[in-house]
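One letter stands for each residue in the lines below.
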Amino acid sequence: MSPVRSRRALLQAAGSTIGSSALAGCLFGAGSEQDPGSLAITNDHSEDHAVTVTVTKTSEDQDDTRPRDETPAPETTPVWEREDRFQVESGERVTERDFLSETGAFYLEARLEDGTHDSVWVGLYKSAGGGVAVDAISVYIEDDGRLQVHASHGD
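All figures in this text were calculated on a predicted structure; none of them were measured in a lab.

A few words on the overall build of the chain. When you go through the chain residue by residue, the secondary structure sums to 1 helix and 8 strands. Helices and strands in the chain line up, N terminus first, as α-β-β-β-β-β-β-β-β. Per-residue burial over the chain gives 37% buried out of 155 residues. Of the accessible surface of the chain, which amounts to about 9,000 Å², a share of 48% is contributed by carbon and sulfur atoms.

As structure tokens, then:
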């Protein structure tokens, strides 16, 4: 009987983990609604905002990302860097489907006009069907004006 309890406990723990992961994905925009390599900016604040997104490709190796709060090393020479600006009205969502279309490791920073910013590391792999696989980027302007950036695993 002991193996049954262990198996049951393992399945319960796995179910909790999977359920929590699925819930986190729902809260932060993951799932089938956003393609890998895409960018979605959602503005839940009562004011319109200009959002500047700076992307730095730090490596051709998609596994060469760092912990969330770590910026690229100053001595690192980026493969390339670009900056895009988006105007997002209150209550609106702006989506760029092929925002990142090549594989590699990327550091993204989103910044509002008042200097509020957040950042995330993204690793994109080559998809079996062509294009990129794995992460999609979501930028959220909260109802209180805070900014959050997340990379979520797309389907």
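The structure having been displayed, the exposition proceeds.
Residue-level pLDDT values for the chain average 80, and 77% of them are 70 or greater. Below a pLDDT of 50 lies the segment residues 1–32, which in the model reaches 17 contacts outside its immediate sequence neighbourhood of four places, other chains included.

We now examine the pairing of strand E2 (residues 49–59). Of all 11 residues that make up E2, 11 are buried, and the element is covered over most of its length. With 9 bridges joining them, E2 and strand E3 (residues 80–88) adopt antiparallel strand pairing. From the neighbouring strand, threonine 52 faces E3, where its bridge partner is arginine 85.

Summed over all chains, the structure comprises 3 aromatic pairs. Arranged with centres 5.8 Å apart and planes meeting at 55°, the rings of tryptophan 80 and phenylalanine 106 form a pair that is tilted. Remark: phenylalanine 106 occurs in strand E5 (residues 104–112) and tryptophan 80 occurs in strand E3; sequence separation between them is 26 residues. Owing to a relative accessible area of 23%, tryptophan 80 belongs among the partly exposed residues under this scheme. Residues tyrosine 107 and tryptophan 121 carry aromatic rings whose centres are separated by 5.2 Å and whose planes lie at 55° to one another, so their mutual orientation is tilted. Taken as a pair, tyrosine 107 in strand E5 and tryptophan 121 in strand E6 (residues 117–126) lie far apart in primary sequence, 14 residues in all. Accessibility assignment for this pair places tyrosine 107 and tryptophan 121 in one class, buried. Just above the ring of phenylalanine 99 sits the side chain of arginine 82; from NZ or CZ to the centre is 4.3 Å.

In this section: the pattern of salt bridges. Within the structure shown, the criterion is met by 7 salt bridges. Among the salt bridges present, the one from arginine 82 reaches aspartate 84, with a minimum N-O distance of 2.7 Å. What makes arginine 82 partly exposed here is its relative accessible area of 28%. Where arginine 111 meets glutamate 109, a salt bridge forms, and the shortest distance between an N and an O atom there is 3.2 Å. Several salt bridges converge on common partners, so that one network encompasses Lys57, Glu60 and Glu102.

Criteria and cut-off values
- Residues numbered from 1 in each chain as written.
- Predicted model: local features only at pLDDT ≥ 70, side-chain atom pairs only at ≥ 80, totals over all residues.
- Heavy atoms only, no water.
- Helix = DSSP H or I, 4+ residues; strand = E, 2+ residues; numbered from the N terminus.
- Buried < 20%, exposed > 50% of the residue type's maximum accessible area, 1.4 Å probe, protein only.
- Areas by Shrake-Rupley, 256 points an atom, 1.4 Å probe, with all protein chains shown as cover.
- pLDDT = per-residue confidence, 0-100.
- Contact = heavy atoms within 4.5 Å.
- Pairing = 2+ DSSP bridges.
- Phe/Tyr/Trp six-rings, centres within 6.5 Å; stacked < 30°, edge-to-face > 60°.
- Lys NZ or Arg CZ within 6 Å of the ring centre and 35° of its normal.
- Salt bridge = Lys/Arg side-chain N within 4 Å of Asp/Glu carboxyl O.

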